[in-house]
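# Structural overview
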Amino acid sequence: MTLISLIIQASVIVHEWSHFDAIGGTLDIDSTVFGCLHKLAKIPGAALKNAYSIQYFVENYPPLD
């Protein structure tokens with residue numbers, strides 16, 4: 001199993017866990033990278049409630065070179 005596949009699997013688990021109210025109470029609002037980045041730039045509170053934003057953060061931080 002590659003590092004990338006492990007990161008993707010972990011990000012999906014974090015995405016699903018973020019739906020629990022005790023953890024984040026997130027919703028599946030926007031699944032596109034553009035939509036997540038737009039929300040982060042314009043409406044940060046909405047980005048925190050979007051499960052896909054949390055998933056993309058896990059997949060891309062820290063940036064892998």
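Further up the page is the structure itself.
I will try to describe carefully the structure that is included in this document. (Residues numbered from 1 in each chain as written. Predicted model: local features only at pLDDT ≥ 70, side-chain atom pairs only at ≥ 80, totals over all residues. Heavy atoms only, no water.)

### Side note on the overall build of the chain
- A tally of helices and strands in the chain yields four helices and zero strands.
- In terms of C-alpha radius of gyration, the chain reaches 12 Å, essentially the compact-globule figure of 11 Å for 65 residues.
- Dimensions of the chain along its principal axes, counting C-alpha atoms only, are 35 × 25 × 15 Å.
- In the chain, the proportion of contacts linking residues at least 24 apart, taken out of those at least 6 apart, comes to 43%.
- Element-wise, carbon and sulfur atoms account for 70% of the exposed surface of the chain, whose accessible area totals about 4,700 Å². (Helix = DSSP H or I, 4+ residues; strand = E, 2+ residues; numbered from the N terminus. Rg over C-alpha atoms; globule rule 2.2 N^0.38 Å. Contact = heavy atoms within 4.5 Å. Areas by Shrake-Rupley, 256 points an atom, 1.4 Å probe, with all protein chains shown as cover.)

### Let's talk about the packing of aromatic side chains
- Summed over the entire model, instances satisfying the criterion amount to one aromatic pair.
- Ring geometry for F57 against Y61: centres 5.2 Å apart, planes inclined by 10°, an arrangement best described as stacked. (Phe/Tyr/Trp six-rings, centres within 6.5 Å; stacked < 30°, edge-to-face > 60°.)

By themselves, these figures tell us nothing about what the structure is for.
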